[in-house]
Amino acid sequence: MSAALKLDNLSKSFPVGKPLFGPPKFTVKAVRPVSLTVETGETLGIVGESGCGKSTLARMLVGLIPPTTGRIEIEGRAFDNADPAAFGRSIQYVFQDPISSLNPRKTIRQIMEVPLKRLHRMNKADRARRISEIFAAVNLRDDFLNRYPHEFSGGQAQRIGIARALAANARILILDEPVSALDVSVQAQVLNLLAKLKREFGLTYLFISHDLAVVEAVSDRIAVLYFGAVVEIGRAEAIFNRPRHPYTKLLADSAPVVGRPLTAPEGKETELPDPLNPPPGCAFAARCPRASELCRQSEPQLTVMGEYQLAACHHPLDS
Amino acid sequence: MGSYILKRLLSAIPVLLGITIIVFAIMAMIPGDPATAILGSYATPENVEKLNRDLGLDKPAAARYFIWLGNMLTGDFGQSFALNRPVIHEVLERFSATLVLAGTAFVLCCFFGILAGVVSASRQYGLADKAITFAVLLGISIPSFFLGMMMILLFAVSLKWLPVSGMYAIYGGGDLWDLLKHLAMPATALAVVATGVIARLSRSAMLEVLRQDFIRTARAKGVSEHRVIWGHALRAAMVSIIPVLGIQAGFVLSGAVYIEIVFQWPGVGRMLVDAILKRDILLVQGGVVLVAACYVIFNIMVDVAQSLLDPRIKT
Amino acid sequence: MRLFLRLLARNRLALAGAVVLGFVVLLVLMTPVLPLAEPNITNTADRFQRPFTPGHLLGTDHLGRDLLSRLLWGTRLSLAVGFSAAVIAATIGAAIGIVAGYFGGRTDNLIMRGVDMLMAFPYILLALAIVAALGPGLMNALIAVAAVNVPFFARNIRGITVGIAHKEFVDAAKLSGMGHGRIILSEILPNVLPVIVIAMSTTVGWMILETAGLSFLGLGSQPPQADLGSMLGEARAALITSPHTSVVPGVMILIIVMSINLLGDGVRDALDPRLRSGALTRPMAATLVDRDSVPEPSGDGILTLDGIETQFHVGDRIYRAVGGVSLSVGPGECLGLIGESGSGKSVTALSIMGLVASPPGVITGGAARYRGRDLIGMPYRELRRLRGDRIAYIFQDPLATLHPLYRVGDQLAEAIRCHHAIGRAEAHDRAIELLKSVRIPNPESRARSYPHEMSGGMRQRVGIAMALANDPDVIIADEPTTALDVTVQAQILSLLNDLRRDRGLAIVFITHDFGVVAQLCDRVAVMYAGRIVEEGPTAEILARPAHPYTSRLIDCVPELGGGRRELAAIPGLPPSVDDLPAGCAFAPRCDKKQSSCAVGEVALKPRDGRAVRCLYPDWRPA
């Protein structure tokens, strides 16, 4: 297997209170240095709660936000969006809000044609043929092409969004919460479609979600993000069953599960640290039942713990 | 809060400098030279040249700007050649008359505008709403100078209730009652347009706020409808009404120019129009800069009021 | 476009404005060919002729010139100048605004500081200065008026552009290989254009007034050429002796500007999508009630709903959001109401205390009884006394549902003081106790916080504290944890569970999450297309769902610990509630459908403490 996507110490800081000229007063670290590899044909799931930096990370990968530090490699080549056409042909993005990712004043056909025209310079007949093929692949009828986005339900609009990403013919798709705006019965339709497309076209997915069960159902490996950093990464079938990092365990215990009695899974009811004033040690220390003085002083690094599993914790749980 | 006010005051300095530059640049575009305007077209070239030198007009524009700016900072706005008195005296005297007129009109339009807007929104599509909407439409469509003229015809000429023009009666006036009688028509005529604009905006701001979730919360906890409208909703709507009040203050000040002419009010607007027609450049420059500076200060007060109302604005 | 014209034509006031304006425009277009006197020929012998004198329909002015002729020529000029100024200002202003809003950052900052600088002048000062520099004249007045209005357009359009430039479809266009220029032209501009048109149509009238004003001051059109403003200015000297010379041009300005404003408002209403959908209507204090009969009480709970029907009337469409829902909840009991979006679960909850936005909502049938008293159609004063006192709500998004400008302590104190005549200090102490009871750390200092200063979880605790303020009997919680993260959700759910056990609260809990229902609720009712399809004890329904919809919905939910797998899905979409199929609403998506499912009403049939609305339910033994 070769790496489809490789991130090396990728980070992003946003300036706060920036004057017209000169350096900003503060910076907020939305993503702290992250190193990850996504193998070709793999689905890497990324979970985390709001504010953990998962969307910022995803947007850096497609060049919508420039990273502060670090480098990205796409299929062995260094990230380069100087030529938007070549770049767009290698990696694409599926947005969270299916309706707002479609321009309300364009027909679906106009929206679908843009990547074919701009990225692949196809002529009119080729475009029409290609759009038909893609629409067949995502189970949409051709007569939808002449309609406007507001005429579609969330599930249909998300399939159009996926179709647009496919039109670029990219081999890597970044899926940013692609089903969180959808109802469960429709969510399952879209997830199954994504699985089918992956098999058919040999795609690589980076699948971002806040829903543990959804991520587990679609991913090969899962990375857990907390406060802008990866705290644990491992195989999907193992990570929530045998978490090594206390935060992963907290997440797994918090997810409402049929048949499990309701208990507050956490003694200390604190929340995320202040991003303007981050703690020196482990960001989770204030909420962690196992935290020691060491945790409050030095930040733990990701270390291998068991087969295929890495966690950033000074006092990991036993497997 | 104190540091916020200080910060806003400091941020006004570049704006004020910008204003002086814009005014100076526009005035420097005027063709012909003031010396000819002062001395008349029969003046000898020698006299014109001497006066130009006396006025410093032979220097380059940038130098003239800094001399003018430096003088202004010491309170010397120059001499009006048409009136032959210091610009600062003339402007301050006239501006105080304008402030009386525009200030009254501004208070009127804020009060009635917001009142009409809230009543209109809370009775949407009712009779009161329709009546107010129509009155507002009429108000924003009528030129204030025409309205003023019609008011003179009705209240001063036909009904003889109020004096035709001026700020005080020429003989025997001068007390507050006299001022109020003279003020009634011009202030009303001036307030009408702004009242209409504020009423419209307040109505749509209220309608916008009344659909918000926190209004439903207030109702769900049993808050009386009166308090929902005049407390919860109006307070939230003020966040979008207050900036418009700042803009409308500028419109009231602008409209005062027409009203001062119609009612012979001895204000700064009339002075400026006369000065422009007479090409009294220093008077125009001084008047514009002083009035604009006051408006900038007023807008800082509006910002401070806004930050007092809305805790989400970082102070 | 056709829709726009149709909407415009339906607006009677706008139509009237269009007709009047059309007539005036036609008149001034025909002016050169009409048999009129020369507008600028003076005849001092004929000065100040009254209207309706032979040869001078509207009389003459101070130089004996024909007023009608001058009026029409003047109107021509005023209209042309006003429109040109509006178009010029809108074009330049919109271009500046789009560039600033789209590129953002330093470009935006520099442009907007320049714009702010220009707006720091009362507009007439700038206009006067420009006219002073360029010299009086109509063209110069036009330039001045246009220039003065550019900042207003720029600022307005920039605001809209910033909103659009951050929409996801713009990002999508970038990823599809579009450059900046192309994105501005094909993605931004079409979405900003309606706003530009609205801004222009609502300011044309204002521009005409402003140019007329400058001419009135003698700074616009120069004699003998007349526009409406200069006619008024010249007539002012003779205002008292010959008022008609002032009235004629003044009334013309009024007519023109008023018809333009009417038309402009119509254009705005037709183009603004929010106005089109009726979203800008104000909800009334309580939902409208329009029901023929009051059903008999059925349940014996503390809160009982009997066949509640709530509809939304939008235009000539009727959306049956809730189609006859009956429920009952007892003290200390937690009833879950579960369904997908559009199933009517929230509308059911809001109908109870008349909180459905109205218009467009109308409660068209049924009863909601609290201790036997019907809340539907109850006089507003009595309803208000029960709201928040005996029956309280917790809403979904605590940032939107708390007032942003009041401190949370004051919002809590207000909830108490609405129902109890106690002093400020006492209410404040009580508020702090409430914050303590929902386990908020440092309640004294937290009471002084504003909602935006708190995290989502803390805000929702405030929401719960507010519901508890008056020790209610019933709490209706409308998706209270949907906006929260899972770890925070777990805390809030356990808090709610403790509170109901300690205080014997009856809770109606609305959610779309089976996991949450399973953990918190004693009984559950499943809703589909506005009706309850299945109801019963939670554990039994989750273990042995009888309705095909319930069982398939449960299958759709991925469960943690299941590993990587194919998920079950329900094909198709829920029906639109303005076009419900006959018979069972789920039948089109159901794999057990028989021909009998699509005919007649399917009743909710009770059996062993459960009920199901299905002709072929799947009763499985325990």
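Preceding this paragraph is the structure being described.
To keep things clear, this report deals only with the structure shown in the data block. Computed from a predicted model, the values in this text were never measured in an experiment.

## Brief notes about the overall build of chain B
Step number 1: Counting secondary structure elements, chain B contains twelve helices and two strands.
Step number 2: In chain B, the succession of α and β elements from N to C terminus is α-α-α-α-β-β-α-α-α-α-α-α-α-α.
Step number 3: Each principal axis of the C-alpha atoms in chain B carries an extent, and together these give about 85 × 55 × 35 Å.
Step number 4: Out of the 315 residues belonging to chain B, those deemed buried represent 51%.
Step number 5: Looking at chain B alone, contacts between residues at least 24 apart form 72% of all its contacts between residues at least 6 apart.
Step number 6: A total accessible area of about 14,100 Å² is found for chain B, and carbon and sulfur atoms account for 68% of it.
Step number 7: In chain B, 25 side chains carry a positive charge and 19 a negative one; their mean positions are 12 Å apart.

## Re empty space enclosed by the protein
Step number 1: Applying the stated criterion to the full structure yields twelve cavities of 30 Å³ or more.
Step number 2: Residue lining of the largest cavity: 15 residues in total, with Ser144(B), Val193(B), Gly255(B), Tyr123(C) and Trp206(C) positioned closest to the centre.
Step number 3: At the level of secondary structure, the elements contributing two or more residues to the lining of the largest cavity comprise helix H7 (144-158), helix H8 (176-210) and helix H10 (225-262) of chain B together with helix H8 (180-216) of chain C.
Step number 4: Sorting elements by how many residues they give to the lining of the largest cavity places H10(B) first, with five residues.
Step number 5: If you add up the space inside the second largest cavity, you get close to 150 Å³.
Step number 6: Lining the second largest cavity are 17 residues, with Thr217(B), Tyr393(C), Gly463(C), Met466(C) and Ala467(C) sitting closest to its centre.
Step number 7: Where the lining of the second largest cavity is concerned, the elements lending two or more residues are helix H9 (213-220) of chain B together with strand S7 (391-394), helix H14 (398-401) and helix H18 (456-468) of chain C.
Step number 8: If you tally residues by element for the lining of the second largest cavity, the top one is H18(C), at four residues.
Step number 9: The residue makeup of the lining of the second largest cavity, split by class, is ten nonpolar, six polar and one charged.

## Considering the packing of helix H15 (residues 408-417) of chain C against helix H16 (residues 424-437) of chain C
Residue and element names in this part refer to chain C.
Step number 1: Between H15 and H16, whose axes approach to 8 Å, the crossing angle comes to 115°. It follows that H15 is roughly perpendicular to H16 by the angle criterion. Our pair here, H15 against H16, has a crossing hand that is right-handed. Contacts between H15 and H16 involve Gly409, Leu412, Ala413, Ile416 and Arg417 from the former and Arg424, Ala427, His428, Arg430, Ala431, Leu434 and Leu435 from the latter.
Step number 2: Here the contact of H15 with H16 is composed, by residue class, of seven nonpolar, two polar and three charged.

## Digging into the sheet that holds strand S4 (residues 334-338) of chain C
Residue and element names in this part refer to chain C.
Step number 1: Strand order in the open sheet formed by eight strands is S7-S8-S9-S4-S10-S11-S13-S12, with mixed pairing between adjacent strands. Only two strands of the sheet have a single partner each, and these edge strands are S7 and strand S12 (605-607). Taken over all neighbouring pairs, the strand axes of this sheet differ in orientation by 20° on average, direction set aside.
Step number 2: In this structure, S4 lies alongside strand S9 (residues 506-511), joined through five bridges in parallel fashion. Across the sheet, the residue bridging to Cys334 is Ile507, located in S9.
Step number 3: Where H18 meets the sheet, it contacts S7 and strand S8 (474-478), and its direction lies at approximately 175° from that of S7.

## Section: the interface of chain C and chain B
Step number 1: On the side of chain B, 77 residues touch chain C, which itself brings 76 residues to the contact.
Step number 2: Summing both sides of the interface, chain C and chain B together bury roughly 6,900 Å²; the carbon and sulfur share of this comes to 73%.
Step number 3: Run the count over chain C and chain B and you get three salt bridges.
Step number 4: Connecting chain C to chain B are 21 residue pairs in polar contact (both at pLDDT 80 or more).
Step number 5: Contributions of two or more residues to the side of chain C that touches chain B are made by helix H4 (105-119), helix H5 (123-134), H8, helix H10 (244-271), helix H13 (380-386), S7, H14 and H15 of chain C.

## A closer look at the pairing of strand S3 (residues 317-329) of chain C
Residue and element names in this part refer to chain C.
Step number 1: Inspection of the sheet shows strand S2 (residues 303-314) paired to S3 by nine bridges, in the antiparallel sense. Each bridged residue has a counterpart across the sheet, and for Ile308 the counterpart in S3 is Val325.
Step number 2: Here S2 folds back onto S3 in antiparallel fashion, the turn holding two residues, of which Gly315 has a positive phi close to 60°.

Reading guide: rules and limits
Residues numbered from 1 in each chain as written. Chains lettered and ligands numbered in written order. Predicted model: local features only at pLDDT ≥ 70, side-chain atom pairs only at ≥ 80, totals over all residues. Heavy atoms only, no water. Helix = DSSP H or I, 4+ residues; strand = E, 2+ residues; numbered from the N terminus. Buried < 20%, exposed > 50% of the residue type's maximum accessible area, 1.4 Å probe, protein only. Contact = heavy atoms within 4.5 Å. Areas by Shrake-Rupley, 256 points an atom, 1.4 Å probe, with all protein chains shown as cover. Lys, Arg positive; Asp, Glu negative; His and termini not counted. Charge placed at Lys NZ, Arg CZ, Asp CG, Glu CD. 1 Å grid on protein atoms, 1.4 Å probe; cavity = no way out; pocket = protein on both sides within 12 Å on 5 of 7 lines; lining within 4 Å. Points joined across faces, edges and corners; volume = space filled by probe spheres on them. Nonpolar A, V, L, I, M, F, W, Y, C, P; charged D, E, K, R; others polar. Axes fitted to C-alpha atoms, helices over the stretch in contact; angles between N-to-C directions. Parallel < 35°, antiparallel > 145°, perpendicular 65-115°, else oblique. Left-handed = near helix turned anticlockwise from the far one by under 90°. Pairing = 2+ DSSP bridges. Buried area = accessible area lost by both parts, 1.4 Å probe. Salt bridge = Lys/Arg side-chain N within 4 Å of Asp/Glu carboxyl O. Polar contact = N/O pair within 3.5 Å; in protein donor to acceptor, adjacent residues only side chain to side chain.

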